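Structural overview
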Amino acid sequence: MSLPWEFHPVDGGRTRLDLLREDDLDALHAIQSDPEVCRYLLYEPRTRDEVERRIAEDSTAVRLEKNDDYVQPAIRDLDGTLLGTMYFHLTSVDDLTAEIGWLLGTPHQGRGHAREAAELVLEQAFDEVGLHRVYAELDPRNAASVALCLRLGMRHEAHFVEHMRFKGEWADTGVYAILDHEWRARRA
Ligand SMILES: CC(C)(COP(=O)(O)OP(=O)(O)OC[C@H]1O[C@@H](n2cnc3c(N)ncnc32)[C@H](O)[C@@H]1OP(=O)(O)O)[C@@H](O)C(=O)NCCC(=O)NCCS
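Treat the numbers as computed from the prediction; the structure is a model and nothing was measured. Sequence order as written defines the numbering, with residues in each chain counted from 1. Whole-chain, interface and lining totals are the exception, using all residues; otherwise, since this is a predicted model, local features are given only for residues with pLDDT of at least 70 and side-chain atom pairs are given and counted only at 80 or more. The side-chain quantities take in all heavy atoms of the structure and omit both hydrogens and water.

**Structural notes on the site of the ligand**
Any residue with a heavy atom positioned within 4 Å of a molecule or strand is treated as near that molecule or strand. Neighbouring residues of the ligand: 20 residues in total, closest W102, L104, G110, N142 and R151. As used in this structure description, the phrase polar contact means that two N or O atoms lie within 3.5 Å; if the pair is within protein, one of them must be able to donate a hydrogen and the other to accept it, and residues adjacent in sequence are counted only when both atoms belong to side chains. In this structure, G110 approaches the ligand through a main-chain N or O atom, which is 2.7 Å from an oxygen atom. A distance of 3.2 Å separates an oxygen atom of the ligand from a polar atom in the backbone of R111. Definitions used throughout: a 1 Å grid over protein atoms alone; a cavity as a set of points that fits a 1.4 Å probe which cannot get out; a pocket as an open set with protein on both sides within 12 Å along at least five of seven lines; a lining residue as one with an atom within 4 Å of a point. A pocket or cavity is taken to hold a molecule when more than half of that molecule's atoms are within 2 Å of the pocket's grid points. Comparing atom positions with the cavity grids shows the ligand to sit within the largest pocket. For the shell around the ligand, the elements supplying multiple residues, two or more each, are strand 8 (97–104), helix 4 (113–129), strand 9 (133–138) and helix 5 (143–151). Only DSSP runs of H or I covering at least 4 residues are called helices, and only runs of E covering at least 2 are called strands; the numbering of each starts at the N terminus. Considering every element that reaches the shell around the ligand, the biggest residue donor is helix 5, with four residues. In the shell around the ligand, the residues fall into nine nonpolar, six polar and five charged. When residue character is reported, Ala, Val, Leu, Ile, Met, Phe, Trp, Tyr, Cys and Pro are called nonpolar, Asp, Glu, Lys and Arg charged, and the others, Gly included, polar.

**Comments concerning the packing of helix 4 against helix 6 (residues 180–187)**
Axis definition: a line fitted to C-alpha atoms, limited for helices to the stretch in contact. Angles are taken between N-to-C directions and run from 0 to 180 degrees. For the pair helix 4 and helix 6, interaxial distance at closest approach is 11 Å and the crossing angle is 120 degrees. Taken together, the axes of helix 4 and helix 6 are oblique relative to one another. Relative to helix 6, the crossing made by helix 4 is left-handed. Here R115, E119, L122, E123, F126 and D127 of helix 4 lie close against helix 6, whose contacting residues are D180, W183, R184, R186 and R187. When its residues are assigned to classes, the contact of helix 4 with helix 6 shows three nonpolar, no polar and eight charged. Angles below 35 degrees are treated as roughly parallel, those above 145 as roughly antiparallel, those between 65 and 115 as roughly perpendicular, and all remaining angles as oblique. Crossings are assigned a handedness: left-handed for a near helix turned anticlockwise from the far helix by less than a right angle, right-handed for a clockwise turn. The contact criterion used throughout is that any non-hydrogen atoms of two residues lie within 4.5 Å.

**Topic: the nonpolar core**
Nonpolar side chains tend to gather and get buried jointly when the protein is soluble and globular. Remark: nonpolar core denotes a set of buried residues (Ala, Val, Leu, Ile, Met, Phe, Trp, Tyr, Cys) joined through side-chain atoms within 4.5 Å. Summary of the burial criterion: residues with accessible area below 20% of their type's maximum are buried, those above 50% are exposed, and those between are partly exposed, where the area comes from a 1.4 Å probe applied to protein chains only. Of all hydrophobic cores here, the largest spans 37 residues; its most connected members are L17, M86, F88, I100, W102 and M154. Mapped by element, the contributors of at least two residues to this core are strand 7 (82–92), strand 8, helix 4, strand 9, helix 5 and strand 11 (169–179). Broken down by element, this core gets its largest block of residues, nine residues, from helix 4. When near neighbours in sequence (up to four residues on either side) are disregarded, M154 contacts I100, W102, V134, Y135, A136, C149, Y176, A177 and I178. Among the nonpolar cores identified, the runner-up in size contains twelve residues, and I31, I55, L82 and L103 belong to it.

**So, unusual backbone geometry**
In this structure, P4 follows L3 across a cis peptide bond, with omega equal to 0 degrees. Located in the positive-phi region is D68, a residue other than glycine, with phi close to 80 degrees. Looking at the secondary structure, you find D68 in the loop between strand 4 (63–64) and strand 5 (70–71). We classify D68 as exposed; its relative accessible area is 52%. Its identity as a non-glycine residue notwithstanding, L96 has a phi of 45 degrees, on the positive side. Of note, L96 is situated in the loop between strand 7 and strand 8.

**Considering the environment of E57**
With respect to the helices and strands, the residue E57 is situated in helix 3 (residues 48–58). Judged by its relative accessible area of 45%, E57 is partly exposed. The spacing of E57 and Q72 is 15 residues in sequence and 9.6 Å in space, taken between C-alpha atoms.

**Description of the layout of surface pockets**
Reported here for the largest pocket is a volume of approximately 1300 Å³. Around the largest pocket sit 45 residues that line it, and Y40, L41, W102, L103 and N142 are the ones nearest its centre. Looking at the lining of the largest pocket, the element that brings in the most residues is strand 8, giving six residues. Class assignment for the residues of the lining of the largest pocket results in 20 nonpolar, twelve polar and 13 charged. Grid points are joined across faces, edges and corners, and a volume is the space filled by probe spheres set on the points.

Shown next, in the form of C-alpha cells:
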C-alpha cells in the first residue's frame, strides 16, 4: 500500500486527467447545469456560483490518506478541452477500497473518453495507491453508466430495490466492482 498518495496528471492515448482550475468555470458550468447530465446524479443542475465553489474545493483535493479523502480530476482531450470529471473517493483505508464515478458533457459522450479516463483512474488506484477493490454505485436506469462498468470489467454485485428517495421518487441502486487481481488479469 502506498498511502498517502498524491494525485498527478496522467495522459492516455486520447484523454488527459489533471486538476480542475478556475478557468474551467464556464465549461464545467455548461456541463453541470445540463439537466440531461444531472438526470442520474445525486445533485440537481448547478448554478454558476455553486460550480465556482466546487472548483475551489476540488482543485485543492489532491491527497488520499484517510477515509473520505477524494480527488475529482478533470477529464480533458489532448488539446486541453474540458470534457467532464472523474471522481475517486477513498471510502475505507482498512479495506483498501475506493468508489469511482464519472461524468461527461453531452457533446463529449459516446466517444470512449469516459472509458479511457476510468482506466487511468483504475491504473492509479491499483498500481499506485495499491487498493484492493474499486466500486461504482449507480441508478440502474443509467444505461450508459452500466455499460461503462461492464466495459471496464466491473462485476454486477448488488441491486438494491427502492432503497432511496431520489429526486422525488423511490429509486434502485446498482453496485459494480472490480478487485486488484481481476484488474491485473484483464491487463495481462
Ligand atoms: C456515464 C457516461 C460517463 C458514459 O459516457 P460514454 O461516453 O457513453 O462512455 P464511454 O467512454 O465508455 O464511451 C462509450 C461509447 O463511445 C463509443 N466510442 C466511440 N469512439 C470510441 C473509441 N475510440 N473508443 C472507445 N469507445 C468509443 C463506443 O462505441 C460507445 O458507444 P455506445 O454507447 O453507442 O456503444 C455518460 O453517459 C455521462 O456522463 N452521463 C451523465 C452523467 C452520469 O450519469 N454519470 C454517471 C453517474 S453514475
